[in-house]
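# Chains, contacts and geometry: an overview
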Amino acid sequence: MKRDFTRANFDNLVTMLRELDAKANQEIMDRAGRLTNLLGTVSQTFMFLDSPLRRLAGHIRSLIEAEEKAKVRVRQIFEDVSRADRQYRNETVGFGLTRSALQDLQNAMKSLTELNDRGCAAVDQGGNLLSVFNAPAVREGMKIPNAALGKSTAAIENGAAYTAEDFRKVPNGIKQERIREVEQEHPEYEEKFREVLSDPDISEQERMDIKYMAYCAPEPYRSLYLEHLDRYKVSVEKSKDEKDKGSWYNHSENRIRLEDENMAWDECGSYNTYFHESGHAVDDFEDDLRFASEFTLFGENTMRTNSYEYNGKTLNELVTEDTRNHVRNIIENDPMLKELKPAQKEELLRRMNLADDSKFRYQGNAGGDMVMNIYIMRLRDVMHKDLVGRGKESCSDVYGGVTNNAIQGDWGHSKSEKAKTYEYWYDEDGNPTGRQERELWAEFFAAKMTNDVEELEYLQTYFPQAYVAMEKMAEEMAKSGNGTIQPQGSSGRHG
């Protein structure tokens, strides 16, 4: 039985369910829309109708939410089954990786048996066994199956047979053996880790886990991480004020600061926060625009992600395009929003900071048109549900970054209660700060380092262009071997 848990297949399932009652729902929505428009016109003359109009908007939203609850439940079942299936697929890690290795071994044995059969047939026909079954022939015949087998077994031997979700199940004995093997061959790694993880508040278990993950990480991310490991240190601190809690990488201090709290490093998966901040450090040290000097001519932080281009577009442009395309697709498939006129759809995107000429105000630009506000509430609600769930934390954060938090799930960089202004994602003139691509790269890097299969799948879905660009950027950074001095400033992550 072929299993297909792609987003396209899920959308098809939702469409089929929707078609069962589409006619009745559409009639309700059409009438509600016409009535809302009518009352909107009347209320401009008779202000006393404003309150009933707002109540009507609430009823309309209740109808919408009732429909959404069924879809959310279907989505949850779909994703639960998909998560369980991933653990046994040939393409993924865990049991699937072991099964794949056994299949590769079986293919190798089949190839060897075929060579043996041809040799026996040659002898039966009076020929020479060595004319068929010789060293060059064996090497050529086994080249493909041996390569596949070698790749699978190497992954298992390197300890990669785990995911971010089941990492805690890996026995310490396996971790210790892997660390011993690597550091026996590369004693310089042991010395680097001794320095970077010297804070006494980092436990021996945490040191072992971090080293094991680093040594098991796929290339080129493994090399990128280890290359700059001696350039900074990690400190664990406890915030006095609950509102000041957070973890970040500080450029000027060459330091990663982590919140001292149980499970604080596991908010988005095993050691995700640690490697997220390490991703910021890699981004910093790999920046091509920095001078090899203790002085800097730049007032603003510059990172490799801010200057990188792929296929003629900056990473920020790709992140923005991916976000717009996904939201457009949501609009075109939503039973209420898809009925909007093209001009209304563009106005909706503009209000949600998804157009080039948007104001990029914090949380978008609502107000004024009551009908448009209903559509804004609808899109926010649909997108919030779309961005909620394990593995979607970074998607929620960066979608908030592109839209200046007009669209967001349950995770992101939000305005504090004390702050009068908010310029984390956009400056006062509406220009992006570059944190959109910085945060996406840091989370992408963390997911690669921790083998977070689920998050990587979501990142590919929500940022298809940027994902490919970041893979290419990682390959280029691994070849560059940059080691210049970092600029001043800081980049933080507060969850």
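Right, let's walk through the structure included here. Residue positions within a chain follow its written sequence, with the count starting from 1. Where totals are concerned, whole chains, interfaces and linings use all residues; where local detail is concerned, this predicted model gives features only for residues with pLDDT of at least 70, and gives and counts side-chain atom pairs only at 80 or more. Derived side-chain values reflect all non-hydrogen atoms in the structure, with water molecules and hydrogen atoms excluded from consideration.

## Comments concerning the overall build of the protein
Think of it this way: any DSSP run of H or I at least four residues long counts as a helix, any run of E at least two long counts as a strand, and we number them from the N terminus. Helix and strand counts for the protein come out as 18 helices and six strands. Evaluated residue by residue, the protein yields a buried proportion of 47% over its 495 residues. Throughout, a contact is declared for two residues whenever any of their heavy atoms are within 4.5 Å. Taking contacts inside the protein between residues at least 6 apart in sequence as the whole, the part at least 24 apart equals 69%. For the protein, the accessible surface area stands at approximately 25200 Å², while carbon and sulfur atoms represent 52% of it. Remark: exposure states derive from per-residue accessible area (1.4 Å probe, protein chains only) relative to the maximum for the residue type, with buried under 20%, exposed over 50%, and partly exposed in between. Only the protein chains shown count as cover for residues, and all accessible areas are computed by the Shrake-Rupley method using a 1.4 Å probe.

## Here's the deal with the nonpolar core
Most often, soluble globular proteins keep nonpolar side chains buried together rather than apart. The set of buried Ala, Val, Leu, Ile, Met, Phe, Trp, Tyr and Cys residues whose side-chain atoms join them within 4.5 Å is what this entry labels a nonpolar core. Core analysis: the biggest nonpolar cluster contains 83 residues, and Phe193, Tyr225, Leu348, Trp441 and Phe463 have the highest contact counts within it. When residues of this core are assigned to their parent elements, the largest contribution, eight residues, is made by helix H14 (residues 370-386). Other than its neighbours up to four places away in sequence, Phe193 contacts Ile210, Lys211, Ala214, Tyr215, Tyr225, Leu226 and Leu229. The next biggest cluster of nonpolar side chains, apart from the first, holds five residues, and it includes Phe360, Tyr424, Trp425 and Tyr426.

## Observations regarding the pattern of salt bridges
Just to be clear on terms, a salt bridge is a Lys or Arg side-chain nitrogen sitting within 4 Å of an Asp or Glu carboxyl oxygen. Under the criterion given, the structure shown has 24 salt bridges. Note that Arg324 and Asp356 form a salt bridge whose closest N and O atoms lie 2.7 Å from each other. Residue Arg324 is found in helix H12 (residues 315-333), and its partner Asp356 is found in the loop between helix H13 (342-351) and H14; the two are separated by 32 residues along the sequence. Across the salt bridge formed by Arg351 and Glu347, the nearest N and O atoms sit 3.0 Å from each other. Of this pair, Arg351 and Glu347 both sit in helix H13, four residues apart, which is roughly one turn of the helix. Linked through salt bridges whose partners overlap, the residues forming this network are Glu237, Glu253, Arg255, Arg257 and Glu259.

## Thoughts on the side chain of Lys192
Along the chain, Lys192 turns up in helix H7 (residues 187-196). In this tally Asp and Glu are treated as negative and Lys and Arg as positive; neither His nor the chain ends contributes. Asp230 provides the closest opposite charge to the buried, unpaired Lys192, separated from it by 4.5 Å. Ignoring any residue separated from it by four or fewer positions in sequence, one finds Lys192 in contact with Leu226, Glu227, Leu229 and Asp230.

## Some remarks on the environment of Leu315
Tracing the backbone shows Leu315 in helix H12. Classification of Leu315 by relative accessible area gives buried; the value is 2%. On a C-alpha basis, the gap between Leu315 and Ala466 in space is 6.5 Å, while along the polypeptide they are 151 residues apart. If we skip the residues at most four places from it in the chain, Leu315 touches Thr305, Tyr308, Glu437, Ala466, Ala469 and Met470.

## Details of the packing of H12 against H14
Axis definition: a line fit to C-alpha positions, over the contact stretch in the case of helices; interaxial angles, taken between N-to-C directions, run 0 to 180 degrees. The interhelical angle for the contact between H12 and H14, taken along N-to-C directions, is 115 degrees, at an axis separation of 11 Å. As for the relative orientation of H12 and H14, their crossing is right-handed in sense. Across from His326, Val327, Ile330 and Ile331 in H12, the residues of H14 making contact are Leu379, Val382, Met383 and Asp386. Its residues assigned to classes, the contact of H12 with H14 shows six nonpolar, one polar and one charged. In a left-handed crossing the near helix is turned counterclockwise from the far helix by less than a right angle, and in a right-handed crossing that turn is clockwise. Under this grouping Gly is polar, as are all residues other than the nonpolar Ala, Val, Leu, Ile, Met, Phe, Trp, Tyr, Cys and Pro and the charged Asp, Glu, Lys and Arg.

## Here we look at unusual backbone geometry
That bond from Glu219 to Pro220 is cis: its omega, 5 degrees, falls within 30 degrees of zero. Along the chain, Pro220 falls in the loop between helix H8 (204-216) and helix H9 (221-227). In this model, Phe360 sits at a positive phi of 60 degrees, which is unusual for a non-glycine residue. Turning to its location among the elements, Phe360 is positioned in the loop between H13 and H14. You can call Phe360 buried: its relative accessible area is 15%.

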